[in-house]
Amino acid sequence: MLKGLVNKIIPFSLVDGPGNRTAIFFQGCNFNCLYCHNPETIKKCRQCGACVLICRFDAISIVGGSVIWDEEKCKDCGECIKSCPNDCGPKAKEMSVDEILKEITKVKSFISGITVSGGECTLQKEFLVDLFEEVRKLGLTIFVDTNGSTDFSKNKELVDLTDMVMLDIKSFDNDEHKKLTERDNDMVLKNARYLASINKLYEVRTVVVPNVLNNFNNVNEISKLIASLDNEIRYKLIKYRPIGVRTEKIEIVQPDNEMIEELKGVATRNGCKNVIVV
Ligand code: SF4
Ligand code: SF4
């Protein structure tokens, strides 16, 4: 039976899609964004063991050659992640569909659905299909939060089981996208068009980052694309905040409110009817 590599599960989230949702964050990502707020979800643990000695609370051990993290003992001090030479941390664990369902079932009466996120959750798409089939039986909705690098048009089973997708379009300009993420954006834009054509694009998100992106050009082009697809699709502009980021990779400059409001105006004038700023 397939297992998923899960970084964490948040039983109640109000920021990962509509309503109250259980958010499941998968480990591993094929982008390496300069501003990643959860860089410890990008890589997979190499089992080097360096973090075992770092933990003052005895929450990390090596059992049978594998690094094991003990949730009960962990005080969430963050030292293991800070010191990991692989930028990951020891907290991701392999979980079966049944194990995840058990967590969902505990809170089922209080949530409207689940959201899978990451890392990049679609890198574990076969596991997602198994999970979604069971979640459907619980009558819950399923949202996918993605960087758009997996071709949704070629993953019919996954798409059929998914209610809605929240898609990052980090940059419309391919060179800029590559500089920011180390990957091209052609698949991201293809997915935006495909998901909108089947009414499964719930939201597009762009992080506004001064000194790194040409934000006005970026928001201008992305909002034109959204308006041409379906002007009711929500466009979320996210203010870059230097929380959890790798400060050696990116200068800490936050956009001010004036800049964000101007960008919101650009998107609205381009025809997007549902622009929000967070
Ligand atoms: S976050 Fe938890 S596991 Fe990591 S060093 Fe701190 S107490 Fe130990
Ligand atoms: S979490 Fe990092 S430091 Fe700990 S064993 Fe894995 S790769 Fe090594």
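What this report covers is the structure whose coordinates are included nearby.

Rules behind the numbers
Residues numbered from 1 in each chain as written. Chains lettered and ligands numbered in written order. Predicted model: local features only at pLDDT ≥ 70, side-chain atom pairs only at ≥ 80, totals over all residues. Heavy atoms only, no water. Phe/Tyr/Trp six-rings, centres within 6.5 Å; stacked < 30°, edge-to-face > 60°. Helix = DSSP H or I, 4+ residues; strand = E, 2+ residues; numbered from the N terminus. Buried < 20%, exposed > 50% of the residue type's maximum accessible area, 1.4 Å probe, protein only. Lys NZ or Arg CZ within 6 Å of the ring centre and 35° of its normal. Near = heavy atom within 4 Å. Nonpolar A, V, L, I, M, F, W, Y, C, P; charged D, E, K, R; others polar. Arc of directions from axis to C-beta. Contact = heavy atoms within 4.5 Å. Polar contact = N/O pair within 3.5 Å; in protein donor to acceptor, adjacent residues only side chain to side chain. Pairing = 2+ DSSP bridges. Salt bridge = Lys/Arg side-chain N within 4 Å of Asp/Glu carboxyl O. Axes fitted to C-alpha atoms, helices over the stretch in contact; angles between N-to-C directions. Parallel < 35°, antiparallel > 145°, perpendicular 65-115°, else oblique. Left-handed = near helix turned anticlockwise from the far one by under 90°.

Notes on the packing of aromatic side chains
And then number 1: Scanning the model with the defined rule gives three aromatic pairs in all.
And then number 2: An angle of 65° between the planes, with centres 6.0 Å apart, marks the rings of Phe 26 and Phe 127 as edge-to-face. Of this pair, Phe 26 sits in strand β2 (residues 21-26) while Phe 127 sits in helix α4 (residues 125-137), placing them 101 residues apart in sequence. For the pair shown, Phe 26 and Phe 127 are each scored as buried.
And then number 3: Sitting over the ring of Phe 25, Lys 8 keeps its end group 5.3 Å from the ring centre.

Quick word on the site of ligand 1
And then number 1: Taken together, the neighbourhood of ligand 1 is formed by 13 residues, with Cys 55, Cys 74, Cys 77, Gly 78 and Cys 80 sitting nearest.
And then number 2: Across the shell around ligand 1, the residue classes break down as eight nonpolar, one polar and four charged.

Overview of helix α6 (residues 174-181)
And then number 1: The set of residues buried in α6 consists of Glu 176, His 177, Leu 180 and Thr 181. All buried residues of α6 project into a common sector of 110° when viewed along the axis, lining one side. What points out from α6, more than 90 degrees from its buried face, is the exposed set Asp 175 and Lys 179.
And then number 2: Of the surrounding secondary structure, the elements contacted by the buried residues of α6 are α7 (186-197) and α8 (215-229).
And then number 3: At the N-terminal end of α6, a side-chain oxygen is found 3.2 Å from the backbone nitrogen of Asp 175, two or three residues along, and the residue is Asp 173.

A word on the pairing of strand β9 (residues 201-208)
And then number 1: Summarising burial for β9: seven of the eight residues are buried, a large majority.
And then number 2: Pairing geometry for strand β8 (residues 164-168) and β9, over four bridges, is parallel. Note that in β9 the partner of Met 166 across the bridge is Glu 203.
And then number 3: Pairing analysis gives six bridges linking β9 to strand β10 (residues 234-239), with the strands arranged parallel. Opposite Glu 203, over in β10, you have Arg 234 as the bridge partner.

Here we look at the pattern of salt bridges
And then number 1: Applying the stated criterion to the full structure yields 18 salt bridges.
And then number 2: One salt bridge connects Lys 82 with Glu 79, and the closest N-O pair in it is separated by 3.1 Å. Of this pair, Lys 82 and Glu 79 both sit in helix α2 (residues 79-83), three residues apart, which is roughly one turn of that helix.
And then number 3: For Lys 82, a relative accessible area of 66% corresponds to the exposed category.

Let's talk about the packing of α8 against helix α9 (residues 257-269)
And then number 1: Axis separation between α8 and α9 bottoms out at 9 Å; the angle between their running directions is 30°. Classed by the angle they form, the pair α8 and α9 counts as roughly parallel. As α8 runs across α9, the sense of the crossing is right-handed. Where α8 abuts α9, its residues Asn 215, Phe 216, Val 219, Asn 220 and Ser 223 lie against Met 259, Glu 262, Leu 263, Val 266 and Ala 267.
And then number 2: Of the residues contributing to the contact of α8 with α9, the split by class is six nonpolar, three polar and one charged.

What to know about the sheet that holds strand β11 (residues 275-277)
And then number 1: Spatial strand order, β5-β1-β2-β6-β7-β8-β9-β10-β11: nine strands in an open sheet with mixed pairing. Here the strands that pair on one side only, and so sit at the sheet edges, are β5 (93-95) and β11. Within the sheet, the average angular offset between the axes of one strand and its neighbour, ignoring direction, is 30°.
And then number 2: The sheet contacts of α4 involve β1 (4-13), β2, β5, β6 (113-117) and β7 (141-146), and relative to β6 the element is tilted by about 170°.
And then number 3: In this fold α7 packs onto β8 and β9, with an angle of close to 155° to the strand it touches most, β8.

Fair warning: the whole summary comes from geometry, so function is off the table for now.
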